[in-house]
Amino acid sequence: MPRVRVDVSSLGAGWNPTLEWYAKAVAKLQTLPATDRTSWRYLGGIHGYKRETWISKGVITDKDPLPPDTEWDGRMWNQCQHQGYFFLPWHRGYLHAFEEIVGATVKALGGPSDWALPYWNYFDGDSALQMHAAFTDPKMPDKTTDNPLAAPPRTNTALDKTKISLDAMKNKIYTSASGTSGFGGGVTIFKHFGGLTGALELNPHNSVHRRIGGFMEDPNTAGLDPIFWLHHCNVDRLWAAWLTRKDHVMEDGDAWKNGPVRKFEMPGPDGQLHAFTSAETMPGGRLAPTYDDLQNGTGLPAVSSSLEEVEAEAMPARLSSEPPPPATLVGANSGRITIGETAATTDVRLQPQATELAGLAAEQRVFLNLENIRGRASSATLTVRISAPAAASALTEGSSFSQSIDLFGLAESSGADGEHGGNGISVAIDITEIANQLAPDSGTPVEQLEVRIEQEDAEAPVTVERVSIYKQPVG
Ligand SMILES: [Cu+2]
């Protein structure tokens, strides 16, 4: 029987069989040793593992046996792919493996054979911003057993609707050209962290991790929170929905389809390891998921076709092995800035031929880039404000640009622990709208933009290697 993933809110407000079986399976998997490839901790370690963190948070003791060396160094543990175009296919394979293992456990415990992972559709109205009650009830329905779904530490169990957005769904191209934001991220090799973040990964993905906090805001513990899987299931569904639109361009180059040379691998319910490619996660592929709905809470304009028709079409998005249109650098600041407790302001000078910003925006998308963001915290939030001092009249009150950026896996991508590449995270944000407002007929051409960056709850300061502006032709 195929597993059909449904909106968790459609299961009802209180405990229901799907979540009760989920809780029972989680409890069962949590009793297994971390060396067991189907255990809760092994599955969490695939996403991320750091010995000190796991010991200090009580996930393991310093005596617990761990998987053999041959399953380290990103082979199995610390494998998750972020800040690049493998983010979506890797996590799809990860969700599949998880669902198969939980599903087999549910069945072994006497439950249904078609248990499927539900998704948290947090864009389905205000009530959906609150985590489902089964994730906050301290006890199981029997009112005596501790509920493993509510156990992990969290800062919030509700999301802030002003901090999450479906803007990513407006991106028509999957792959981010250097200096731009595409739907799925920049071209990369097998990489745990560090690179150009895709639009969907940045928000809502990172924003939900950051907002829930606790285990969820650190990639080394995120997979140990049962809500992680419902969040990722929704991110995955947004990709599935995005693929149903004909005007979207999906990556189809061999380097993406076949995956990196170092293959992605996941355990099956039998504990055997299986390699997979990105191509196998695509509609029609071995690891393609089935969702009950690909419209509600996706931000995509409604289509007349029913779900059945959408499924029959499999993948209307156009496949392309061509690289995305390249972007051109049109301006940059003078170099590294440090944020932390004090906000930093930097001038981004536009190259002489680029000072007519309206010319920039016509038939172009314009992106503000924060390049190689580094920091010691596992996650961080920056608020970016843009103004144009020389064109104050053009930027009327209320039209000034402000956006918050949530970073996930900052320490891992910064090489703070010396284990990883250390290039930091690069983010490109679409500022086409603000560029359009800086029309040349409003007076003196704009020669520079002032960019002010604030850091929320600055536990450890963040550095940005360069702030730059790129333009990319449309289509
Ligand atoms: Cu995640």
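Remember, it's a predicted structure, so these values are computed and weren't measured experimentally. (Residues numbered from 1 in each chain as written. Predicted model: local features only at pLDDT ≥ 70, side-chain atom pairs only at ≥ 80, totals over all residues.)

Draft legend 1. Structural context of the overall build of the protein. For the protein, the count of helices and strands is 11 helices and 16 strands. Sorting the 475 residues of the protein into buried and exposed places 49% on the buried side. Taking contacts inside the protein between residues at least 6 apart in sequence as the whole, the part at least 24 apart equals 77%. (Helix = DSSP H or I, 4+ residues; strand = E, 2+ residues; numbered from the N terminus. Buried ≥ 20, exposed ≤ 12 C-beta atoms within 10 Å, placed from the backbone. Contact = placed C-beta atoms within 7 Å.)

Draft legend 2. Here's a closer look at unusual backbone geometry. Looking along the chain, the bond that leaves N203 and enters P204 is cis, with omega of 15°. Relative to the elements of secondary structure, P204 occurs in helix α5 (residues 199–212). Located in the positive-phi region is K143, a residue other than glycine, with phi close to 65°. One can find K143 in the loop between α4 (87–108) and β1 (175–176).

Draft legend 3. View of the environment of D347. Tracing the backbone through its elements, the reader meets D347 in strand β10 (residues 344–350). Look past the residues within four positions of D347 in its chain and what remains in contact with it is N333, Q448 and E450.

Draft legend 4. Main features of the packing of helix α1 (residues 17–31) against α4. Taken N-terminus to C-terminus, the directions of α1 and α4 make an angle of 100°; their axes are 9 Å apart at the nearest point. Between α1 and α4, the interaxial angle falls into the category roughly perpendicular. Residue-level inspection shows W21, Y22, A25, K28 and L29 of α1 in contact with α4, the latter providing V102, T105 and V106. (Axes fitted to C-alpha atoms, helices over the stretch in contact; angles between N-to-C directions. Parallel < 35°, antiparallel > 145°, perpendicular 65-115°, else oblique.)

Draft legend 5. Local environment of the nonpolar core. Among the nonpolar cores identified, the biggest contains 118 residues, and F98 and I469 are the most heavily contacted of them. When residues of this core are assigned to their parent elements, the largest contribution, 11 residues, is made by helix α6 (residues 226–242). Of the domains in this structure, domain 1 (8–320) and domain 2 (328–473) are the two that each give at least three residues to this core. Not counting residues up to four positions away in its chain, the partners in contact with F98 are L43 and W229. (Core = buried A, V, L, I, M, F, W, Y, C linked by C-beta atoms within 7 Å. Domains from an automatic or database assignment.)

Draft legend 6. Highlighting α5. Compared with an ideal rise of 1.5 Å per residue, which puts 14 residues at 20 Å, α5 spans 20 Å between its outermost C-alpha atoms and is within 8% of the ideal. Counting buried positions over the 14 residues of α5 gives 14, a clear majority of the element. Note on α5: the residue one or two positions beyond its end, G213, has a positive phi of about 65°. (Expected span 1.5 Å × (residues − 1).)

Draft legend 7. Geometry of the environment of T175. In this fold, T175 is placed in strand β1. Between the C-alpha atoms of T175 and P323, which are 148 residues apart in sequence, the distance is 7.7 Å. Contact partners of T175, with chain neighbours within four places excluded, come to Y85, G182, G184, V187, E251 and P324.

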